[in-house]
Every structure is written in structure tokens, then in C-alpha cells.
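Take a look at the letters that make up each chain.
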Amino acid sequence: MAKKKTVAKKIGTGLAKLQSLFDDLLDSGFRKLKKEGKKKVKKDDSPKGKVKKGLRKTAGFLGEMGESFYDEYEKIKAKKVNKK
């Protein structure tokens, strides 16, 4: 006979799945930002061009930072799982 899940376990499982989905979405977004920041664009010295360049560099920075965060986070979680 299968064990019945308690309400608390069902809620906990749902929250874990929601957290995992949120993490996956953020990780994907950070990787896209990093990729966008590495794109080469033609030189444009107009104010609009300078703003675009600044935004692209900022996107690259945020993407690299986020990707680094999630890579390290996964390593830490793997270590915790291996200790159990």
C-alpha cells in the first residue's frame, strides 16, 4: 500500500518545484544577458549609441554575475547532498 502524503509534504513539494522553476528561469535569463553583452555592434558615437553600449555592458556584467552565482550555488548544493 502506498504511503499517503500529508498536506504539509504536498505543500513542501509544491514549493520546492516552484523554487526550482524560478531558479531555472533566472539562470536562463542570466545566460541570455551574458550572451547579449558579448555581441559585437558597429561603432556609434551618438548619445543613443553610447547608451546602447552602456546597457549592453551592464547586461553582460549582470549575466556573468548571475551565471557565476548559479554555478557556485549548484556546487554548494551538490556538496550538501553528498554529505548526507
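For the structure itself, consult the block above.
Since we're looking at a predicted model, the values are computed, not measured.

This paragraph deals with the pattern of salt bridges. According to the stated counting rule, one finds six salt bridges in the structure shown. Between glutamate 67 and arginine 31 there is a salt bridge, and its shortest N-O distance comes to 2.3 Å. Of this pair, glutamate 67 sits in helix H2 (residues 47-83) while arginine 31 sits in helix H1 (residues 7-38), and the two are 36 residues apart along the sequence. Residue class for arginine 31 comes out partly exposed when judged on its relative accessible area of 34%. Looking at glutamate 67, the relative accessible area reads 13%, which means it is buried. Linked by salt bridges that have partners in common, Asp27, Arg31, Lys34, Glu67 and Asp71 make up one network.

Turning our attention to a positive patch on the surface. Taken together, the side chains of Lys3, Lys4, Lys5, Lys9, Lys10 and Lys17 make up a positively charged region of the molecular surface. Note on placement: lysine 9 falls in helix H1. The class for lysine 9 is exposed, based on a relative accessible area of 55%.

For threonine 58, the location among the structural elements is in helix H2. Spatially, the C-alpha atom of threonine 58 lies 22 Å from that of tyrosine 73, the residues being 15 residues apart in sequence. Within the local environment of threonine 58, its side chain forms a polar contact with the backbone oxygen of glycine 54, the two atoms lying 2.9 Å apart.

The next thing to look at is H2. With 37 residues, H2 ought to run about 54 Å at 1.5 Å a step, and its terminal C-alpha atoms sit 54 Å apart, in line with that. What H2 keeps buried is the set Gly49, Ala59, Gly60, Gly63, Gly66, Glu67 and Tyr70.

Look at H1: 47 Å from first C-alpha to last across 32 residues, which is about the 46 Å you get at 1.5 Å a residue. Among the residues making up H1, those that are buried are Asp23, Asp27 and Phe30.

Okay, the layout of surface pockets next. Looking at the largest pocket, its volume works out to about 380 Å³. Lining of the largest pocket is provided by 15 residues; of these, Val41, Lys42, Gly49, Lys53 and Arg56 occupy positions nearest its centre. Contributions of two or more residues to the lining of the largest pocket are made by H1 and H2. With six residues, H2 is the largest single contributor of residues to the lining of the largest pocket. Across the lining of the largest pocket, the residue classes break down as one nonpolar, two polar and 12 charged.

Reading the values: rules and limits
Residues numbered from 1 in each chain as written. Predicted model: local features only at pLDDT ≥ 70, side-chain atom pairs only at ≥ 80, totals over all residues. Heavy atoms only, no water. Salt bridge = Lys/Arg side-chain N within 4 Å of Asp/Glu carboxyl O. Helix = DSSP H or I, 4+ residues; strand = E, 2+ residues; numbered from the N terminus. Buried < 20%, exposed > 50% of the residue type's maximum accessible area, 1.4 Å probe, protein only. Patch = residues over 30% accessible without salt bridge, like charges linked within 9 Å, V, L, I, M, F, W, Y side chains within 5 Å. Areas by Shrake-Rupley, 256 points an atom, 1.4 Å probe, with all protein chains shown as cover. Lys, Arg positive; Asp, Glu negative; His and termini not counted. Charge placed at Lys NZ, Arg CZ, Asp CG, Glu CD. Polar contact = N/O pair within 3.5 Å; in protein donor to acceptor, adjacent residues only side chain to side chain. Expected span 1.5 Å × (residues − 1). 1 Å grid on protein atoms, 1.4 Å probe; cavity = no way out; pocket = protein on both sides within 12 Å on 5 of 7 lines; lining within 4 Å. Points joined across faces, edges and corners; volume = space filled by probe spheres on them. Nonpolar A, V, L, I, M, F, W, Y, C, P; charged D, E, K, R; others polar.

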